[in-house]
2 protein chains.
Amino acid sequence: MRGNLNLLSEMKGHPVTAHRQLLLHLIRNAHDHIDAKELYRRGANEEESISLSTVYRNLQVFKKLGLVEERRLGQMRCYYEIKQKPEHHHLVCQRCGKIVDFESPLIRKLMDEVQHQHGFNVTKK
Amino acid sequence: MRGNLNLLSEMKGHPVTAHRQLLLHLIRNAHDHIDAKELYRRGANEEESISLSTVYRNLQVFKKLGLVEERRLGQMRCYYEIKQKPEHHHLVCQRCGKIVDFESPLIRKLMDEVQHQHGFNVTKK
DNA sequence: GTGAGAATGAGAGGCAATCTCAATCTTCTT
DNA sequence: AAGAAGATTGAGATTGCCTCTCATTCTCAC
Ligand SMILES: [Mn+2]
Ligand SMILES: [Mn+2]
Ligand SMILES: [Zn+2]
Ligand SMILES: [Zn+2]
């Protein structure tokens, strides 16, 4: 169930460890935005426990491999989610922290405007 | 020069201390986005030295009074600038950290769209 | 000038994230 | 299938930004 065969090719040369399988499983089954501490908490409930270092380290690896996207939402921590094909952005409630996915054609127009006016290639936010 | 008479009314009941005059002076003369540590460093060069606690505390006060705006740019720290009349946004270079002010009518259209589609009143970013 | 109440400094504390390094695991080579 | 090279892991130390605590000092209305 969790032993994903595709994972081997997705990891592009990086060793496929039990921890990495567990972490990707947890992120894929989160079905929303999840932070490192919560991943650590959920990982601790599984048969293989996991350290916080490993969570942080592998989130960086997944990010680099293009499997996961890091979202710098709210004030303090980063949230993570499986990388989606159509790019999207986020609304964060200042009161309760609720995160809502957001899409609009205006975003692309805005990014084009930034590119033309300032030469910036927009990658975040 | 630094002893600003308007400041008394701007502070709306909060005591006008030498530290607050110095901090507002430093922010106003920075002419760009400045962080707490840099304010502390520049404050230490003046006749009155200043503690990091006082920098952070007063930035919160200035923010609350509407004199200064807090910008959560980059990864780690907040930057501060004098509150501008026409709202603006920012571009941050991922390589060197350079911050560029940015304005566009598309921003307002986007904020309106968010308001209508999701009921969010956009306040940041 | 006095006094009530607010601001300050120095250091402790909080929290997310990174780093260190010895022990363990993966994978490649025989 | 065993061995070896190289990558990963855990635990705890460390960093960086920021807030909190509280005894002392300052501000301002009277
Ligand atoms: Mn999302
Ligand atoms: Mn600005
Ligand atoms: Zn909410
Ligand atoms: Zn740059």
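Parameters at a glance
Residues numbered from 1 in each chain as written. Chains lettered and ligands numbered in written order. Predicted model: local features only at pLDDT ≥ 70, side-chain atom pairs only at ≥ 80, totals over all residues. Heavy atoms only, no water. Least-squares fit on C-alpha atoms with pLDDT ≥ 70 in both. Donors = N, O, S within 2.8 Å, 3.2 Å for Na, K, Ca; no water. Buried < 20%, exposed > 50% of the residue type's maximum accessible area, 1.4 Å probe, protein only. Domains from an automatic or database assignment. Contact = heavy atoms within 4.5 Å. Buried area = accessible area lost by both parts, 1.4 Å probe. Salt bridge = Lys/Arg side-chain N within 4 Å of Asp/Glu carboxyl O. Helix = DSSP H or I, 4+ residues; strand = E, 2+ residues; numbered from the N terminus. Nonpolar A, V, L, I, M, F, W, Y, C, P; charged D, E, K, R; others polar. Near = heavy atom within 4 Å. Pairing = 2+ DSSP bridges. Axes fitted to C-alpha atoms, helices over the stretch in contact; angles between N-to-C directions.

A.B. asks: Which residues make up the relation of the copies chain A and chain B, and what values do they have?
C.D. replies: Once chain A has been moved 0.1 Å along the axis and rotated by 179 degrees, it coincides with chain B to within an RMSD of 0.1 Å. Each copy turns onto its partner about a two-fold axis. No C-alpha of chain A approaches the rotation axis more nearly than that of A:Leu106, which lies at 3.5 Å.

A.B. asks: Could you give me a rundown of the coordination of the zinc ion (ligand 4), with the residues and numbers involved?
C.D. replies: Protein coordination at the zinc ion (ligand 4): the donors are B:Cys93 (SG) and B:Cys96 (SG), at 2.1 to 2.2 Å from the metal. For B:Cys93, a relative accessible area of 23% gives the class partly exposed.

A.B. asks: Please give an account of the domain arrangement of chain A that cites residues and values.
C.D. replies: You'll often see interface size given as the accessible area lost when the parts meet. Residue and element names in this part refer to chain A. Its domain assignment divides chain A into domain 1 (1-84) and domain 2 (85-125). Between the C-alpha centres of domain 1 and domain 2 the distance comes to 24 Å. Contacts between the two partners involve 11 residues from domain 1 and, on the opposite side, 10 residues from domain 2. Across the domain 1/domain 2 interface, buried area totals approximately 800 Å², and carbon plus sulfur atoms make up 57% of it. At the surface where domain 1 touches domain 2, the tally comes to zero salt bridges. Elements that contribute at least two residues to the side of domain 1 that touches domain 2 include exactly strand S2 (68-71) and strand S3 (79-82). The residue makeup of the side of domain 1 that touches domain 2, split by class, is two nonpolar, four polar and five charged.

A.B. asks: Could you give an account of the protein's contact with DNA strand D, with specific residues and numbers?
C.D. replies: Neighbouring DNA strand D are 21 residues, the closest being A:Thr17, A:Arg20, A:Thr54, B:Tyr56 and B:Arg77. When the atoms of DNA strand D within 4 Å of the protein are sorted by group, sugar and phosphate make up 73%. Looking at the surface near DNA strand D, the elements with two or more residues in it are helix H2 (18-28) and helix H4 (52-65) of chain A together with helix H4 (52-65) of chain B. Here the element with the most residues in the surface near DNA strand D is H4(A); it accounts for four residues. The residue inventory of the surface near DNA strand D, partitioned by class, reads seven nonpolar, nine polar and five charged.

A.B. asks: Account for the sheet that holds strand S3 (residues 79-82) of chain B, naming residues and giving values.
C.D. replies: Residues and elements named next belong to chain B. Spatial strand order, S1-S3-S2: three strands in an open sheet with antiparallel pairing. Only two strands of the sheet have a single neighbouring strand rather than two, namely strand S1 (34-35) and strand S2 (68-71). Pairing between S2 and S3: four bridges, direction antiparallel. When the bridges of S3 are listed, valine 68 appears paired with isoleucine 82. On the sheet, helix H2 (residues 18-30) packs against S1, S2 and S3 and is oriented at approximately 85 degrees with respect to S3.

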